[in-house]
Amino acid sequence: MTPLPYSSLLSRVCCFLAHRSWRGRRSKFDVDHSQIGGPGFSRVAYANEPDCFEAGILNYGSNYVSTTKYTLATFFPKSLFEQFRRVANIYFLFTGCLSFTPLAPYSAISAILPLIVVIGATMAKEAIEDWRRYQQDLEVNNRKVKIHRGDGTFEFTEWKNLRVGDIVKVEKDNFFPADLVMLASGYDDGLCYVETMNLDGETNLKLKQALDATSGLQADSGFQNFKAIIKCEDPNASLYTFVGTMEYEEQQYPLSPQQLLLRDSKLRNTDYIYGVVVFTGHDTKMYHEESDKPAHARTSNLNEELGQVDTILSDKTGTLTCNSMEFIKCSIAGTAYGHGFTEVERAMARRKGSPLMENEQSEENYEHPKLAVKGFNFDDERIMNGNWVNEPHSDVVQLFFRLLAVCHTAIPEVDEETGKISYEAESPDEAAFVIAARELGFEFYQRTQTNICIRELDPVSGMHVEKSYKLLSVLEFNSTRKRMSVILQDEEGKLLLLSKGADRLAQDGREFEDKTKEQMHEYADAGLRTLVLAYRQLDEEEYKSFNEKFMAAKNSVSADRDEKIEEAADSIERDLILLGATAVEDKLQNGVPECIDKLAQAGIKIWVLTGDKMETAINIGYACSLLRQGMKQIIITLDRPEIIRLEKGGNKDAFAKVTRLVKAGTGKVTLGIGDGANDVGMLQEADIGVGISGAEGMQFPMLYQEGVQNVLFSWLRILGWMFNGVCNGVMIFFFCTTALQHQAFRKGGEVVDFAVLGATMYTCVVWVVNCQMALSVSYFTLIQHIFIWGGIALWYLFLLAYGAITPTLSTSAFMVFVEGLAPAPSYWITALFVVVATLIPFFTYSVIRMRFFPMYHNMIQWLRFDGHADDPEYCQVVRQRSVRPTTVGVSARIDAKVSQLGRRVHHAVHSP
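Residues numbered from 1 in each chain as written. Predicted model: local features only at pLDDT ≥ 70, side-chain atom pairs only at ≥ 80, totals over all residues. Heavy atoms only, no water.

Comments concerning the UniProt feature "transmembrane region" (unreviewed entry) in the protein chain
Piece 1. Per the UniProt annotation, the sites labelled "transmembrane region" (unreviewed entry) are residues 103–124, 718–740, 752–770, 782–805 and 825–848.
Piece 2. For residues 103–124, the helix share is 77%, the strand share is 0%, and the end-to-end C-alpha distance is 33 Å.
Piece 3. Annotation note: span residues 718–740, helix share 100%, strand share 0%, distance between end C-alpha atoms 33 Å. (UniProt positions renumbered as here; feature names shortened; annotations may be inferred. Helix = DSSP H or I, 4+ residues; strand = E, 2+ residues; numbered from the N terminus.)

Given below as structure tokens:
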């Protein structure tokens, strides 16, 4: 171990002694370094003291991040290893080694030089790509951020210089340089908006909020004497979890993901924030340490696998759909409201041949024109424009929309010019609910850390009144409870628990339960996402008991912290009174059904992964053409205890495990596509992970089947080309020897020698190979012309250049072309005859195959030749002439039946 310099050791000891008295006053939080690395937590950050003695002992990593694949020391061995993992390179290396033996009919340099050129070019490409990654790393690591230097002053420094415990100030529209625990912001209540698109692909701004204890630190000078200790979880790749506590001024405060600001997310709509660095460099949550892969793949090697994709796995929300929710229907007190029709309902009507829905929708829109409101596509005069007061259960309707207006974490923003209120919400669903409440007369307009204010219609006076609710507790949504709740105190002092969540939220049931369930099934059949709304009134003793248990669970830093929080929430979310259910629609992206249909025609298998209920998933499958009428449906339900435990545990790796199962089961190339939200694991697990890049269609999807079905590179195809090569070689050899063996080659009557015979054969080989390539090419570009005809010209230039070299090197090839081949007419006549004779069988085979047994690309050529490329019916007729028909839909079922029948016949014949 290298000893510390005396000055450094002295400064750390002095720092330790200077603050010992402050730490000695701590009664609840005694630091014990022996606990570091234990279960529950191990990270300790000394806020504003990154140089103190204890921080030095921990020795956390720097904030420098490298995403390069190689270093100067590892480039050659690692890159060579990558190159010789390819079977083709191993083969050519083996033949190159054989060229050094007496068995080789050619020189070693002719075998080794091409291999060196190919591998060298590939390594150069790898080096250039890695250099670009290095340049990007350099730019990121040298970005500037303000850091507290003491005495309440902040100065700029590079990201790479940050350490755990540093206090930083990040200003509007800048990225966070490390994972930070937020202390304060430019807003009085410690709020800020964060864009996490670089991490999870979500475009919605996330709301973050500092602890109330530190939210008042809104000036640089406030950090002159700031001291705090943060204990939190170990570094991990989970973007949505964070467990920790902060000890500040002898008080202990719980930390949650609400206070965590992740590296590479961006500060939006907020002037500035202050934060403490807790994770640096490769410890941050954007970096996946297990796979040693950065968040972004930046390589050109993907094109080698794109043509071999057999299975596409796609997320639904945000990928096939717009992830832009619209409030379209609801069920309140057992009564269904909303007259709109969804895309799924229209697709179902088209399958049944019923145009009624489209006609009814158009008539309704004509009779009731209304301005479009993003997130709101609801129409029902019974409860719009204040008419809900006349409904039989108007009190339930009032509480239903009041719940939508207050049970959320959205933030209102008021346009200073128009006075119109818009909302920043954590999800499109939540935004749609708040907008729906506003459009139906329950407008949420103000929020602080302790209060929520709305304007609503008073059914007695008929006037809009302002109401303020004291926000006591927020029980955030998680995948285990599948609900979100708030506990409020109204102006009359009543304590209310308001909840929204999965359909089992109000499982105890109330008087509207049966009708509500029936209507929710109808909504699910229509492809809508549903949530149940319920409430109950609390007494003060019950809330006090819950709050003590809840705060103790939030303050816990043990491994079972989440379970304690869930247990506390479950203890209060009981005996709820059902109000009704909401139904929102997530519309399909433009062109999704057509795109899926063309992918299916291309022979690509498609999996859509979603967390929807079975009925919703099936109907959306029909709407996007993933499922078709007549397909056999196999529904598998897993109710085993271990599956239920996985569901309760909120397994976030489900998509990745399905992808791994498909890869292992098929052994084929898989492609994952998503928006990077809950599908990150799927994108990482797939052979190719891609983002969304527009809505381009494929003009000739059947062309892709040649890659998927391995038509061009099957063993039969490879053996066929090998047989063609052997036949060509035999024909060239015998034709050349027969033509030149007994003929006088020069004026003096001399016959040919081996140099002339060999040069003539090689001339024929060069012409035959390049002409066969020309016959195989369907569309010539300048590049094809250069390589094909330029390759032939290069052969003659080589003969001239090699023959001009001194005889000690060129030996028998000295002046072989100038003096031997070029002046002899028999050379040119023989070459012409042999080339034509050799090409005739290949040309005949190609014509017969294209005319009578066309492959997919041949069929496209016929379509273009006949001028029917845009005629769908003619395209279908030509496609049926394929040697290997598309095994999708009806054809797949026919193939399955034929195969099953064949197995039965085989079994009947061979059974005793």
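That covers the picture; the talk isn't over yet.
Details of the sheet that holds strand E10 (residues 251–255)
Piece 1. What the four strands build is an open sheet, ordered E1-E8-E9-E10; its pairing is antiparallel. Whereas interior strands pair on both sides, the edge strands pair on one side only; in this sheet they are strand E1 (43–47) and E10. The average undirected angle you get between the axes of adjacent strands in this sheet is 20 degrees.
Piece 2. In this structure, strand E8 (residues 228–232) lies alongside strand E9 (residues 244–248), joined through four bridges in antiparallel fashion. (Pairing = 2+ DSSP bridges. Axes fitted to C-alpha atoms, helices over the stretch in contact; angles between N-to-C directions.)

Description of the packing of aromatic side chains
Piece 1. Evaluation of the coordinates by the stated rule reveals 31 aromatic pairs.
Piece 2. Plain terms: the ring middles of Tyr 187 and Tyr 193 are 6.4 Å apart, the flat faces sit at 85 degrees to each other, and that makes the pair edge-to-face.
Piece 3. A relative accessible area of 32% means that Tyr 187 is categorised as partly exposed.
Piece 4. Considering the side-chain rings of Tyr 762 and Trp 795, the 6.0 Å spacing of their centres and the 25 degrees angle between planes classify their relative orientation as stacked. With Tyr 762 in helix H23 (residues 754–776) and Trp 795 in helix H24 (residues 782–803), the pair connects residues that are 33 residues apart, well separated along the chain.
Piece 5. Among the aromatic residues, those joined into a cluster by ring pairs are Phe 154, Phe 223, Phe 226, Tyr 248, Tyr 272 and Tyr 274. (Phe/Tyr/Trp six-rings, centres within 6.5 Å; stacked < 30°, edge-to-face > 60°. Buried < 20%, exposed > 50% of the residue type's maximum accessible area, 1.4 Å probe, protein only.)

Examining the pattern of salt bridges
Piece 1. The tally for this structure, following the rule as stated, stands at 30 salt bridges.
Piece 2. Put simply, Asp 173 and Arg 268 hold a salt bridge, and the shortest N to O gap is 3.0 Å. One end of the pair, Asp 173, is in the loop between strand E4 (167–171) and strand E5 (179–185); the other, Arg 268, is in strand E12 (residues 266–268), and 95 residues separate them in sequence.
Piece 3. With relative accessibility at 38%, the residue Asp 173 sits in the partly exposed group.
Piece 4. The residue Arg 536 makes a salt bridge to Glu 542 at a minimum N-O spacing of 2.6 Å.
Piece 5. Overall, Arg 536 belongs to the buried group, its relative accessible area being 10%.
Piece 6. Through salt bridges with shared partners, a single ionic network connects Arg 660, Lys 663, Glu 685 and Asp 687. (Salt bridge = Lys/Arg side-chain N within 4 Å of Asp/Glu carboxyl O.)

As for the nonpolar core
Piece 1. Core analysis: the largest hydrophobic core is formed by 56 residues, its most contacted members being Phe 327, Cys 330, Ile 332, Phe 378, Phe 401 and Leu 498.
Piece 2. At nine residues, helix H11 (residues 394–406) tops the list of elements feeding residues into this core.
Piece 3. In this structure Phe 401 touches Phe 327, Cys 330, Ile 332, Ile 383, Ala 437, Leu 440 and Phe 442, once residues within four positions along its chain are discounted. (Core = buried A, V, L, I, M, F, W, Y, C linked by side-chain atoms within 4.5 Å. Contact = heavy atoms within 4.5 Å.)

Section: the pairing of E9
Piece 1. Among the five residues that make up E9, five are buried, leaving the element largely enclosed by the rest of the structure.
Piece 2. Residues of E9 alternate between two faces, with Gly 244, Met 246 and Tyr 248 on one and Thr 245 and Glu 247 on the opposite face, all of them buried.
Piece 3. Strand direction decides the pairing type here: E9 and E10, joined by five bridges, are antiparallel. Within the sheet, the bridge partner assigned to Gly 244 lies in E10 and is Leu 255.
Piece 4. In sequence, E9 turns back onto E10 through a hairpin of two residues, with Glu 249 there showing a positive phi of about 55 degrees.

Side note on the environment of Val 406
Piece 1. Position of Val 406 relative to the elements: it lies in helix H11.
Piece 2. Overall, Val 406 belongs to the buried group, its relative accessible area being 1%.
Piece 3. Sequence separation of Val 406 and Glu 443 is 37 residues, and the distance between their C-alpha atoms is 9.4 Å.
Piece 4. Residue contacts for Val 406: discarding those within four places in its chain leaves Ile 452, Ile 454, Tyr 469, Val 486, Leu 488 and Leu 498.

Notes on the side chain of Arg 438
Piece 1. Residue placement: Arg 438 occurs in helix H12 (residues 428–439).
Piece 2. Ignoring sequence-local partners within four residues, the contact set of Arg 438 consists of Val 373, Ile 421, Tyr 423 and Glu 443.

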